[in-house]
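# A closer look at the structure
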Amino acid sequence: MKEKLIDVTNEVRKVIKGKDEVIDKVLASILAGGHILLEDIPGVGKTTLAVAFSKVMDLEYRRVQFTPDVLPSDIVGFSMYNNKTGEFEYKQGSILCNLFLADEINRTSPKTQSSLLEVMEEKKVTVDGVTRKLPDPFIVIATENPLGSSGTQKLPESQLDRFMVCLSIGYPEHTYAINILKDNAANLLDQVPQIISGEEVVQLQKEVENMYVHDSMYDYIVTLTEKTRSNINLMLGVSPRGSIALLKMAKAMALIRGRNFLIPEDVHAVFKDVFGHRVKLSPKGKANGVNVEMALEEIFRSVIPPRT
């Protein structure tokens, strides 16, 4: 199965050039059963990345362009009266798929954003008192433009906490930018083959869930989490959901790296991606010229990793 994971990343890298670390972390989040927030400027390949993963994993994919007029019923579905049967029938929304792309999620209304909370946490959708389970696997990849872009608004903490990681693709390096221009007319997405199936993704998610973790690693992750709550540069620390996300992401990274046990390096690889969007700078931190990345780096260096 490890060989297949290598093939998965290799195929995605043919489409998204020069962003190997981001690709590995998106794959890890999928294997951990978590949702992904891609925060970046338009045009750097966020949507392309999502489509590439849907093709290589044979996942049913749907995309919704979030705008102020998108309604919760567009996402979760609605009930409609059928004159022939005399009963209300459920018309499913876009969310009933394996991989849901919420494009520019921070441009829609808070009411529509809140319709995703139950879906992302419990992988269920409730309409008119009836709860329906979503397909397995189910992953949300959301993109957002940087705060301050036209028509954007800040996502609430409850929404941000549902995302396992927050990643940024960034601009390509010069050489890769040239390759992107050369391949622009090649329709590379159409050439992405299926490497694994949705059933195999579920199997891999179970492997991640059942991976061995030494007690010292549990203590290490909890200590890192607690440090975010007492750091003078931060006014909002990480919740228990965040520590669970860090554990799952680290285990997924270990699997990608060919191990069936966890080591501190796996935690280090995803620490800032899991915690970065969950913490908030304090006024003192801002006055000291500290940003979130610097505060998290200070916390990470202050905790001695266990010897495994």
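So, here is what we can say about the structure in this document.

Conventions adopted
Residues numbered from 1 in each chain as written. Predicted model: local features only at pLDDT ≥ 70, side-chain atom pairs only at ≥ 80, totals over all residues. Heavy atoms only, no water. Helix = DSSP H or I, 4+ residues; strand = E, 2+ residues; numbered from the N terminus. Rg over C-alpha atoms; globule rule 2.2 N^0.38 Å. Buried < 20%, exposed > 50% of the residue type's maximum accessible area, 1.4 Å probe, protein only. Contact = heavy atoms within 4.5 Å. Areas by Shrake-Rupley, 256 points an atom, 1.4 Å probe, with all protein chains shown as cover. Core = buried A, V, L, I, M, F, W, Y, C linked by side-chain atoms within 4.5 Å. Axes fitted to C-alpha atoms, helices over the stretch in contact; angles between N-to-C directions. Parallel < 35°, antiparallel > 145°, perpendicular 65-115°, else oblique. Left-handed = near helix turned anticlockwise from the far one by under 90°. Nonpolar A, V, L, I, M, F, W, Y, C, P; charged D, E, K, R; others polar.

Across its full length, the chain carries 13 helices and 11 strands. Over its C-alpha atoms the chain spans a radius of gyration of 20 Å, differing by no more than 12% from the 19 Å that the globule rule assigns to 308 residues. If one aligns the C-alpha atoms of the chain with their principal axes, the spans along those axes are about 70 × 45 × 40 Å. Counting the 308 residues in the chain, one finds 51% classified as buried. Sequence separation of at least 24 residues holds for 78% of the intrachain contacts in the chain that already meet a minimum separation of 6. Accessible surface for the chain amounts to roughly 15000 Å². Of this, 51% is attributable to carbon and sulfur atoms.

Counting residues in hydrophobic clusters, the biggest one holds 69 residues, and the most contacted among them are Leu31, Ile36, Leu49, Phe53 and Met57. No other element matches the 10 residues that helix H10 (residues 240-256) contributes to this core. Sequence-distant contacts of Phe53, that is, excluding residues within four places in its chain, are made with Val8, Val12, Ile23, Val26, Leu27 and Ile30. By size, the runner-up hydrophobic cluster in this structure holds 25 residues, among which are Leu37, Val70, Leu116 and Val127.

This part is about the environment of His268. Here His268 lies in helix H11 (residues 264-275). A relative accessible area of 44% places His268 in the partly exposed class. When the C-alpha atoms of His268 and Pro306 are compared, they prove to be 12 Å apart, with 38 residues separating the residues in sequence.

One way to put it is that H11 packs onto helix H13 (residues 292-302) with a least axis distance of 10 Å and a crossing angle of 135 degrees. Here H13 runs oblique to H11, going by the angle between their axes. Helix-helix and strand crossings are classified by hand; for H11 and H13 the assignment is right-handed. Of the residues in H13, those touching H11 at His268, Phe271, Lys272 and Phe275 are Glu293, Leu296, Glu297, Ile299 and Phe300. Its residues assigned to classes, the contact of H11 with H13 shows five nonpolar, one polar and three charged.

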